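# Summary of structural features
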Amino acid sequence: MSEALQPWQWPEEHWRGVVDHVRAGRSYQPKSWPGGARCAIALSFDSDHETNELREGGESIGKLSQGQYGNRQGIPRILDILRRHDVRASFYVPAVTALLYPDEQRRVTAEGHEVALHGWIHERNSVLPEPAERDLMLRAADVLEKTSGQRPVGIRTPSWDFSPATLAIARDMGLLYDSSLMADVDCYELLLDGTPTGVVELPVEWIRDDAVYFNMNRFAGLRPYTPPSDVFDIFRRELEAAHAEGGIFQLTMHPHISGYRSRVWILEEIIRHAKQLGNVWFATHADVVRHAKANG
Ligand SMILES: [Zn+2]
(Lines give C-alpha, C1' and ligand atoms only; values in the text may rest on other atoms or scores of the structure.)
Protein backbone atom coordinates (compact mmCIF):
# COMPACT_ATOMS: atom_id res chain seq x y z
CA MET A 1 0.00 0.00 0.00
CA SER A 2 2.73 2.44 0.99
CA GLU A 3 4.41 1.93 -2.42
CA ALA A 4 1.28 2.85 -4.34
CA LEU A 5 0.17 5.77 -2.19
CA GLN A 6 1.83 9.10 -1.49
CA PRO A 7 2.48 9.84 2.22
CA TRP A 8 -0.33 12.39 2.24
CA GLN A 9 -2.67 9.60 1.10
CA TRP A 10 -1.61 7.07 3.76
CA PRO A 11 -4.44 5.87 5.98
CA GLU A 12 -3.94 6.59 9.70
CA GLU A 13 -3.31 2.91 10.41
CA HIS A 14 -0.30 2.98 8.11
CA TRP A 15 1.43 6.11 9.41
CA ARG A 16 0.76 5.05 12.98
CA GLY A 17 2.37 1.69 12.25
CA VAL A 18 5.45 3.38 10.80
CA VAL A 19 5.83 5.67 13.82
CA ASP A 20 5.11 2.98 16.42
CA HIS A 21 7.43 0.28 15.06
CA VAL A 22 10.42 1.39 17.18
CA ARG A 23 9.43 3.81 19.89
CA ALA A 24 10.63 5.29 23.18
CA GLY A 25 8.86 3.66 26.13
CA ARG A 26 9.33 4.33 29.83
CA SER A 27 12.12 6.63 30.93
CA TYR A 28 14.94 5.38 33.11
CA GLN A 29 15.93 8.51 34.96
CA PRO A 30 17.63 7.67 38.25
CA LYS A 31 17.27 10.02 41.22
CA SER A 32 21.04 10.06 41.57
CA TRP A 33 24.14 8.52 40.09
CA PRO A 34 26.63 6.27 41.92
CA GLY A 35 28.34 7.96 44.83
CA GLY A 36 25.55 10.53 44.91
CA ALA A 37 26.92 12.10 41.72
CA ARG A 38 24.83 14.79 40.10
CA CYS A 39 25.67 14.03 36.48
CA ALA A 40 26.77 10.97 34.51
CA ILE A 41 29.44 11.62 31.88
CA ALA A 42 29.31 9.05 29.07
CA LEU A 43 32.14 9.65 26.61
CA SER A 44 32.32 7.52 23.49
CA PHE A 45 34.64 7.02 20.55
CA ASP A 46 33.63 5.37 17.29
CA SER A 47 36.76 3.64 15.99
CA ASP A 48 35.68 3.61 12.35
CA HIS A 49 39.20 4.02 10.97
CA GLU A 50 39.40 2.59 7.40
CA THR A 51 35.80 1.32 7.37
CA ASN A 52 34.39 4.75 6.49
CA GLU A 53 36.07 4.30 3.10
CA LEU A 54 35.59 0.53 2.74
CA ARG A 55 31.86 0.54 3.47
CA GLU A 56 31.23 2.65 0.35
CA GLY A 57 33.26 0.17 -1.71
CA GLY A 58 36.03 2.76 -1.80
CA GLU A 59 39.68 1.87 -2.24
CA SER A 60 41.18 5.36 -2.00
CA ILE A 61 44.66 4.97 -0.58
CA GLY A 62 44.57 8.54 0.72
CA LYS A 63 41.34 8.01 2.62
CA LEU A 64 42.56 4.66 3.94
CA SER A 65 45.66 6.40 5.28
CA GLN A 66 43.40 8.88 7.05
CA GLY A 67 41.66 5.89 8.63
CA GLN A 68 44.98 4.44 9.72
CA TYR A 69 45.72 7.72 11.48
CA GLY A 70 42.85 6.79 13.79
CA ASN A 71 44.81 3.76 14.96
CA ARG A 72 48.33 5.22 14.90
CA GLN A 73 47.66 8.67 16.37
CA GLY A 74 43.99 9.16 17.30
CA ILE A 75 43.51 6.24 19.68
CA PRO A 76 46.83 6.69 21.54
CA ARG A 77 46.15 10.42 22.06
CA ILE A 78 42.64 9.70 23.34
CA LEU A 79 43.72 6.83 25.60
CA ASP A 80 46.48 9.01 27.01
CA ILE A 81 43.99 11.74 27.99
CA LEU A 82 41.54 9.23 29.49
CA ARG A 83 44.34 7.57 31.49
CA ARG A 84 45.74 10.85 32.82
CA HIS A 85 42.29 11.89 34.03
CA ASP A 86 41.33 8.40 35.24
CA VAL A 87 38.20 8.34 33.09
CA ARG A 88 36.44 5.26 31.63
CA ALA A 89 34.73 5.47 28.26
CA SER A 90 33.13 3.37 25.52
CA PHE A 91 34.60 2.49 22.14
CA TYR A 92 32.32 1.37 19.30
CA VAL A 93 34.33 -0.78 16.93
CA PRO A 94 33.38 -2.25 13.52
CA ALA A 95 34.48 -5.90 13.28
CA VAL A 96 36.78 -5.03 10.36
CA THR A 97 38.56 -2.44 12.54
CA ALA A 98 38.94 -5.04 15.29
CA LEU A 99 40.39 -7.55 12.80
CA LEU A 100 42.81 -4.92 11.42
CA TYR A 101 43.86 -3.78 14.90
CA PRO A 102 43.34 -6.49 17.53
CA ASP A 103 46.10 -4.99 19.70
CA GLU A 104 44.22 -1.70 19.84
CA GLN A 105 41.10 -3.43 21.16
CA ARG A 106 43.09 -5.37 23.75
CA ARG A 107 44.68 -2.14 24.94
CA VAL A 108 41.32 -0.36 25.11
CA THR A 109 39.80 -3.08 27.31
CA ALA A 110 42.99 -3.49 29.37
CA GLU A 111 42.72 0.20 30.28
CA GLY A 112 39.22 -0.35 31.66
CA HIS A 113 37.11 0.88 28.74
CA GLU A 114 34.14 -0.76 27.06
CA VAL A 115 34.29 -2.18 23.52
CA ALA A 116 30.89 -2.51 21.86
CA LEU A 117 29.28 -3.24 18.49
CA HIS A 118 29.50 -0.89 15.53
CA GLY A 119 28.64 -3.10 12.56
CA TRP A 120 30.83 -5.34 10.43
CA ILE A 121 32.38 -2.93 7.92
CA HIS A 122 30.36 0.13 8.97
CA GLU A 123 27.58 -1.02 6.62
CA ARG A 124 24.27 0.80 6.59
CA ASN A 125 21.73 -1.44 8.31
CA SER A 126 18.75 0.09 6.54
CA VAL A 127 19.91 -1.15 3.11
CA LEU A 128 20.54 -4.75 4.23
CA PRO A 129 18.18 -7.71 3.98
CA GLU A 130 17.26 -8.87 7.50
CA PRO A 131 19.19 -12.19 7.37
CA ALA A 132 22.38 -10.35 6.32
CA GLU A 133 22.00 -7.77 9.09
CA ARG A 134 21.44 -10.50 11.69
CA ASP A 135 24.40 -12.55 10.44
CA LEU A 136 26.73 -9.52 10.48
CA MET A 137 25.71 -8.46 13.99
CA LEU A 138 26.25 -11.97 15.35
CA ARG A 139 29.61 -12.37 13.61
CA ALA A 140 30.70 -8.89 14.70
CA ALA A 141 29.93 -9.76 18.34
CA ASP A 142 32.06 -12.89 18.02
CA VAL A 143 34.95 -10.93 16.51
CA LEU A 144 34.85 -8.29 19.27
CA GLU A 145 34.75 -10.97 21.96
CA LYS A 146 37.70 -12.76 20.40
CA THR A 147 39.84 -9.68 19.85
CA SER A 148 39.01 -7.65 22.97
CA GLY A 149 38.28 -10.51 25.37
CA GLN A 150 34.99 -8.80 26.21
CA ARG A 151 31.57 -9.94 24.94
CA PRO A 152 29.82 -6.71 23.82
CA VAL A 153 26.60 -5.84 25.65
CA GLY A 154 25.73 -2.78 23.58
CA ILE A 155 25.43 -1.61 20.02
CA ARG A 156 25.80 1.66 18.20
CA THR A 157 24.65 1.18 14.63
CA PRO A 158 27.07 2.54 12.01
CA SER A 159 26.03 6.09 11.08
CA TRP A 160 23.21 5.60 13.64
CA ASP A 161 21.33 3.92 10.81
CA PHE A 162 18.55 1.70 12.14
CA SER A 163 16.66 -0.81 10.00
CA PRO A 164 13.16 -2.09 10.84
CA ALA A 165 14.89 -5.32 11.98
CA THR A 166 17.73 -3.84 14.09
CA LEU A 167 15.89 -3.73 17.41
CA ALA A 168 14.53 -7.30 17.13
CA ILE A 169 18.04 -8.57 16.39
CA ALA A 170 19.48 -6.66 19.39
CA ARG A 171 16.74 -8.09 21.60
CA ASP A 172 17.31 -11.64 20.32
CA MET A 173 21.04 -11.27 21.01
CA GLY A 174 20.23 -10.31 24.59
CA LEU A 175 21.96 -6.94 24.28
CA LEU A 176 21.63 -4.64 27.28
CA TYR A 177 21.44 -1.43 25.29
CA ASP A 178 21.54 0.50 22.05
CA SER A 179 23.11 3.93 21.61
CA SER A 180 21.97 5.11 18.17
CA LEU A 181 18.59 6.80 18.65
CA MET A 182 17.56 10.26 19.77
CA ALA A 183 14.15 10.41 21.45
CA ASP A 184 15.34 11.75 24.83
CA VAL A 185 18.26 12.94 26.94
CA ASP A 186 17.77 10.21 29.55
CA CYS A 187 17.88 6.45 29.09
CA TYR A 188 14.64 4.86 28.01
CA GLU A 189 13.18 1.48 27.18
CA LEU A 190 12.77 0.60 23.52
CA LEU A 191 9.36 -0.61 22.39
CA LEU A 192 8.93 -2.80 19.32
CA ASP A 193 5.41 -2.44 17.89
CA GLY A 194 4.28 -1.28 21.34
CA THR A 195 5.89 -4.15 23.28
CA PRO A 196 8.80 -3.55 25.69
CA THR A 197 11.95 -5.26 24.44
CA GLY A 198 14.10 -4.95 27.57
CA VAL A 199 16.72 -3.19 25.43
CA VAL A 200 17.59 0.23 26.89
CA GLU A 201 18.44 3.24 24.75
CA LEU A 202 21.24 5.60 25.81
CA PRO A 203 20.43 8.37 23.36
CA VAL A 204 22.90 10.14 21.09
CA GLU A 205 22.48 13.38 19.13
CA TRP A 206 24.25 14.80 16.07
CA ILE A 207 24.75 17.97 18.11
CA ARG A 208 27.09 15.99 20.38
CA ASP A 209 29.02 14.33 17.52
CA ASP A 210 32.35 15.73 16.30
CA ALA A 211 31.87 14.40 12.74
CA VAL A 212 29.05 16.84 12.05
CA TYR A 213 31.36 19.81 12.58
CA PHE A 214 34.68 18.51 11.25
CA ASN A 215 34.02 16.22 8.28
CA MET A 216 35.33 17.26 4.87
CA ASN A 217 35.29 15.85 1.37
CA ARG A 218 38.12 16.91 -0.96
CA PHE A 219 36.10 16.32 -4.11
CA ALA A 220 32.81 17.81 -2.98
CA GLY A 221 31.69 20.99 -1.23
CA LEU A 222 31.81 19.50 2.27
CA ARG A 223 34.23 21.43 4.50
CA PRO A 224 34.54 21.91 8.25
CA TYR A 225 32.54 25.03 8.99
CA THR A 226 32.80 25.20 12.78
CA PRO A 227 36.08 26.09 14.51
CA PRO A 228 37.19 23.72 17.31
CA SER A 229 36.61 26.43 19.93
CA ASP A 230 32.99 26.70 18.83
CA VAL A 231 32.57 22.91 18.90
CA PHE A 232 33.91 22.94 22.45
CA ASP A 233 31.43 25.68 23.32
CA ILE A 234 28.50 23.59 22.05
CA PHE A 235 29.67 20.49 23.95
CA ARG A 236 30.29 22.60 27.09
CA ARG A 237 26.76 23.98 27.01
CA GLU A 238 25.36 20.46 26.62
CA LEU A 239 27.48 19.37 29.59
CA GLU A 240 26.50 22.30 31.81
CA ALA A 241 22.80 21.79 31.12
CA ALA A 242 23.06 18.04 31.79
CA HIS A 243 24.82 18.85 35.07
CA ALA A 244 22.17 21.42 36.03
CA GLU A 245 19.39 18.93 35.29
CA GLY A 246 21.10 16.01 37.04
CA GLY A 247 21.14 13.97 33.85
CA ILE A 248 23.55 12.38 31.39
CA PHE A 249 26.15 14.12 29.28
CA GLN A 250 26.73 11.75 26.35
CA LEU A 251 29.34 12.58 23.71
CA THR A 252 30.44 10.88 20.46
CA MET A 253 33.90 11.47 18.99
CA HIS A 254 35.98 9.72 16.33
CA PRO A 255 39.71 8.99 16.66
CA HIS A 256 40.29 9.76 12.95
CA ILE A 257 38.35 13.04 13.18
CA SER A 258 39.20 14.50 16.60
CA GLY A 259 42.54 12.83 17.27
CA TYR A 260 44.46 15.83 15.90
CA ARG A 261 46.71 18.30 17.70
CA SER A 262 44.31 21.17 17.06
CA ARG A 263 41.19 19.25 18.13
CA VAL A 264 41.96 16.63 20.74
CA TRP A 265 42.19 19.32 23.43
CA ILE A 266 38.37 19.52 23.26
CA LEU A 267 38.18 16.12 24.96
CA GLU A 268 40.61 17.12 27.67
CA GLU A 269 38.88 20.45 28.31
CA ILE A 270 35.47 18.76 28.52
CA ILE A 271 36.84 16.36 31.15
CA ARG A 272 38.48 19.23 33.06
CA HIS A 273 35.32 21.30 32.89
CA ALA A 274 33.19 18.39 34.12
CA LYS A 275 35.53 17.92 37.06
CA GLN A 276 35.34 21.64 37.81
CA LEU A 277 31.55 21.52 37.84
CA GLY A 278 31.99 18.78 40.41
CA ASN A 279 30.09 15.74 41.62
CA VAL A 280 30.22 13.95 38.28
CA TRP A 281 30.43 10.24 37.49
CA PHE A 282 32.49 9.24 34.45
CA ALA A 283 31.36 5.83 33.24
CA THR A 284 31.07 3.56 30.24
CA HIS A 285 27.77 3.54 28.40
CA ALA A 286 27.15 0.00 29.70
CA ASP A 287 27.61 1.12 33.32
CA VAL A 288 25.40 4.19 32.85
CA VAL A 289 22.67 1.98 31.39
CA ARG A 290 22.99 -0.62 34.16
CA HIS A 291 22.61 2.06 36.83
CA ALA A 292 19.75 3.81 35.05
CA LYS A 293 17.87 0.55 34.49
CA ALA A 294 18.27 -0.55 38.12
CA ASN A 295 17.45 2.84 39.65
CA GLY A 296 15.35 4.68 37.10
ZN1 LIG B 1 30.96 5.01 12.89
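Residues numbered from 1 in each chain as written. Predicted model: local features only at pLDDT ≥ 70, side-chain atom pairs only at ≥ 80, totals over all residues. Heavy atoms only, no water.

### Section: a nonpolar patch on the surface
Note the following rule: For patch building, the residue pool is restricted to those with more than 30% relative accessible area and no salt bridge; the joining distance is 9 Å between like charges and 5 Å between nonpolar side chains (Val, Leu, Ile, Met, Phe, Trp, Tyr). The method behind every accessible area is Shrake-Rupley, applied with a 1.4 Å probe, and residues are considered shielded solely by the protein chains displayed. Salt bridges are counted wherever a side-chain nitrogen of Lys or Arg sits within 4 Å of a carboxyl oxygen of Asp or Glu. In DSSP terms, a helix is any run of H or I states spanning at least four residues, a strand is any run of E spanning at least two, and both are numbered starting from the N terminus.
A surface patch of nonpolar side chains, amounting to about 390 Å² of accessible area, comprises Met-182, Trp-206, Val-212 and Tyr-225. Tracing the backbone through its elements, the reader meets Val-212 in helix H8 (residues 210–214).

### Remarks on unusual backbone geometry
Leaving glycine out, the prevailing phi sign among residues is negative, and the prevailing peptide bond configuration is trans. Rules: Only protein chains enter the calculation, and the probe is 1.4 Å; a residue is then buried if its accessible area is under 20% of its type maximum, exposed if over 50%, and partly exposed in between.
We note that His-49 has phi near 45 degrees; this positive angle belongs to a residue other than glycine. Accessibility expressed as a relative area gives 1% for His-49, which makes it buried. Even without a glycine there, the phi angle at Asp-193 is positive, about 50 degrees. Mapped onto the secondary structure, Asp-193 falls in the loop between strand S7 (187–192) and strand S8 (195–201).

### A few points about the pairing of strand S3 (residues 90–93)
For clarity, the cut-off: Should DSSP find at least two bridges between two strands, the strands are regarded as paired.
The two faces of S3 match: Ser-90 and Tyr-92 on one face and Phe-91 and Val-93 on the other face are all buried. Taken together, the 3 bridges between strand S2 (residues 39–46) and S3 define a ladder with parallel strand orientation. When the bridges of S3 are listed, Asp-46 appears paired with Tyr-92. The pairing of S3 with strand S4 (residues 114–117) spans 4 bridges and is classified as parallel. Note on S4: the bridge partner recorded for Ser-90 is Glu-114.

### With respect to the coordination of the zinc ion
As a reminder, the rule being used: Listed donors are limited to N, O and S atoms within 2.8 Å of the metal, widened to 3.2 Å for Na, K and Ca; water is not among them, so incomplete-looking sites are possible. For a four-donor site, all angles between 85 and 135 degrees give tetrahedral; for four or six donors, opposite pairs above 155 degrees with the remaining angles between 65 and 115 give square planar or octahedral; all remaining cases count as irregular.
Every protein donor of the zinc ion is listed here as Asp-48 (OD), Asp-48 (OD), His-118 (NE2) and His-122 (NE2), and their distances to the metal cover 2.0 to 2.5 Å. Considering all 4 donor atoms around the zinc ion, the spread of angles at the metal, 55 to 139 degrees, places the coordination shape in the irregular class. Sequence positions of the residues that donate to the zinc ion give the spacing D-x69-H-x3-H. Note on accessibility: His-118 and His-122 belong to one class, buried.

### What about the packing of aromatic side chains?
Rules: When two rings of Phe, Tyr or Trp (its six-membered ring) have centres within 6.5 Å they constitute a pair, described as stacked for plane angles under 30 degrees, edge-to-face for angles over 60, and tilted for the intermediate range. Cation placement over rings: the criterion is NZ of Lys or CZ of Arg within 6 Å of the ring centroid and within 35° of the ring normal.
This structure, assessed with the given rule, holds 6 aromatic pairs. For the ring pair Trp-160 and Trp-206, a centre distance of 4.1 Å and an interplane angle of 35 degrees mean the geometry is tilted. Within this pair, whereas Trp-160 is found in the loop between strand S5 (154–155) and helix H7 (166–172), its partner Trp-206 is found in the loop between S8 and H8, the two being separated by 46 residues in sequence. A relative accessible area of 8% places Trp-160 in the buried class. Ring centres of Phe-232 and Trp-265 lie 5.7 Å apart, and the angle between their planes is 50 degrees; on these two criteria the pair is classed as tilted. With Phe-232 in helix H9 (residues 228–245) and Trp-265 in helix H11 (residues 265–277), this residue pair connects regions lying 33 residues apart in the sequence. Taking the relative accessible area as the measure of exposure, Phe-232 reaches 14% and is therefore buried. Overall, Trp-265 belongs to the partly exposed group, its relative accessible area being 31%. Lying over the aromatic face of Trp-120, Arg-139 brings its terminal NZ or CZ to 4.6 Å of the ring centre. Sitting above the plane of the Phe-214 ring, Arg-263 keeps its charged end 4.1 Å from the centroid.

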